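# Results of the structural survey
Listed below are the residues making up each chain.
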Amino acid sequence: MWRELAPVGRHPDSGGYRRYAWSAADLECRAWFRAQAEARGLTYETDRNGNQWAWLGDPLAGDAVVTGSHLDSVPDGGAFDGPLGVVSSFAALDELRSRGVAFTRPLAVTNFGDEEGARFGLACVGSRLAAGQLTVADAHRLRDADGIALPAAMESAGYDPDTIGPDPERLARIGAFVELHVEQGRALDLTGDPVGIASAIWPHGRWRFDFRGEANHAGTTRLVDRRDPMLTYAETVLAARREAELTGALATFGKIAVEPNGVNAIPSLVRGWLDSRAADQATLDAVVTGIERAAREYAERAGIDLDVVRESFTPVVEFEHALRDELAKILEGSGDTGRPVPVLGTGAGHDAGILSASVPTAMLFVRNPTGISHSPAEHAAEDDCVAGVRALADVLEGLACS
Ligand code: GLV
Ligand code: MN
Ligand code: MN
């Protein structure tokens, strides 16, 4: 499975993946998913929001055990963020079949669409739509950098955008959703465990800062006559770092758009996107308020107009304790360490976090020796990936077989 996926959407220069929602690379990933489902004799379907499903057993029977993740990527993402969960789901199913277990509940593997939000700016679009956490009207307003609307992108990829919307009947058929994911930090590396269980996802969001000044000639405009929004943006980036350190939160400006974007022109507009996360809501509120206050002060002083828009927000997710405890019990004594499987929180967002408001949800993490993620350098050792598949198979057997 890795060999087949490896070249799809990989940029030859960076070595990173550019699998943006509804792009040619995404469609290739989707075709791969369908082929995997069909090769295993699973019932394949796409739901009304373009998420992919591969069913073993009756999709309509209810109380299903569902596992999966996503196949899209951030710009120059790594190979594992998303695909490790999908590949491991198919591999765990193969493992269960070779164990000859009898399934008492329907089982499904999923690929949720547009998890990263790299193209339209909003993460987890497929699961948010299904769970009713993104309205159809708001989905229609999403545009990519070229101005292409989400429905148009879906349509040109051969999917029907008129069907998108909440899917409560489908979610009601899920008894448990388990997402396996590469860890995006070094907690497991530090404890020396190949696999962990998720406890919670930090609250997090994205804010757009538009700094507007005055375009002018870089070679003739005196410094005192300039209204340069790049300077205010730069001061705001430094303030974000300072506020994050003061509050114990995380704050990142990782994406920027400049107009007119000419080397010899003072910009008229600098648009920067803030990604901020914290362990609790009060800390997140404090850091974002502090950054915005600083930005407004700098803007005021420099004659720059500033608009701040919150583009998305995901509240804290505490994964269901009963299911989490069940996973811990199933995996008790399964590793080589003799210790209980570690339970850890994360600052990364996941479809499992979105779905947790509608269905009992849990996550497994696989050790990432460097902790690097959202980068071509993201890695997980083969032995640890195999340990992840074994753990997922154990969990699915414990939940779906008797
Ligand atoms: C998803 O990977 C996110 O947390 O940004
Ligand atoms: Mn990611
Ligand atoms: Mn992911």
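The structure displayed is predicted, hence computed values, not measured ones.

### Section: helix α10 (residues 281-302)
- The terminal C-alpha atoms of α10 lie 32 Å apart, and with 22 residues this matches the ideal 32 Å at 1.5 Å per residue to within 8%.
- Listed in full, the buried residues belonging to α10 are Leu284, Val287, Val288, Ile291, Ala295, Tyr298 and Ala299. For α10, the angular spread of buried residues about the axis comes to 100 degrees, placing them on one side. Exposed side of α10, more than 90 degrees from the buried face: Ala282, Thr289, Arg293, Glu300 and Arg301 are the residues found there.
- Where α10 is buried, its residues meet β7 (204-212), α9 (229-247), β9 (250-259), β11 (269-277) and β12 (305-314).
- Just beyond α10, the residue with positive phi is glycine 303, at close to 70 degrees.

### Quick word on the domain arrangement of the protein chain
- For the protein chain, the assigned domains read domain 1 (2-202 + 316-400) and domain 2 (204-314).
- Each of domain 1 and domain 2 has a C-alpha centre, and the two are 33 Å apart.
- On the side of domain 2, 10 residues touch domain 1, which itself brings 8 residues to the contact.
- Looking at the side of domain 1 that touches domain 2, its residues break down into 4 nonpolar, 4 polar and no charged.

### Remarks on the UniProt feature "binding site: Zn(2+) 1" (unreviewed entry) in the protein chain
- UniProt tags His70, Asp81 and His181 as "binding site: Zn(2+) 1" (unreviewed entry). In summary, the annotated positions, though distributed over 112 residues, converge in three dimensions, the widest C-alpha pair being only 9.6 Å.
- Assignment of secondary structure puts aspartate 81 in the loop between β3 (64-69) and α3 (83-99).
- Since 26 C-beta atoms lie within 10 Å of it, aspartate 81 is described here as buried.
- Beyond its immediate chain neighbours, meaning those up to four positions away, aspartate 81 contacts Ser73, Val182, Ser373, His374 and Glu378.
- Here histidine 181 lies in strand β5 (residues 174-182).
- Histidine 181 gets classed as buried once you count the C-beta atoms within 10 Å, which come to 26.
- Leave out the neighbours within four places in its chain, and histidine 181 touches Ser69, Leu84, Gly85, His350, Met363 and Phe365.

### Comments concerning the UniProt feature "binding site: allantoate" (unreviewed entry) in the protein chain
- UniProt tags Arg206, Asn264 and Arg277 as "binding site: allantoate" (unreviewed entry). Taken along the chain, the residues just named run across 72 residues; in space they spread out, the farthest C-alpha pair reaching 35.9 Å.
- Turning to its location among the elements, arginine 206 is positioned in strand β7.
- Overall, arginine 206 belongs to the buried group, with 20 C-beta atoms counted inside 10 Å.
- With near-sequence residues (within four places) excluded, arginine 206 lies in contact with Trp273, Leu274, Asp275, Glu311 and Ser312.

About the thresholds
- Residues numbered from 1 in each chain as written.
- Chains lettered and ligands numbered in written order.
- Predicted model: local features only at pLDDT ≥ 70, side-chain atom pairs only at ≥ 80, totals over all residues.
- Helix = DSSP H or I, 4+ residues; strand = E, 2+ residues; numbered from the N terminus.
- Expected span 1.5 Å × (residues − 1).
- Buried ≥ 20, exposed ≤ 12 C-beta atoms within 10 Å, placed from the backbone.
- Arc of directions from axis to C-beta.
- Contact = placed C-beta atoms within 7 Å.
- Domains from an automatic or database assignment.
- Nonpolar A, V, L, I, M, F, W, Y, C, P; charged D, E, K, R; others polar.
- UniProt positions renumbered as here; feature names shortened; annotations may be inferred.

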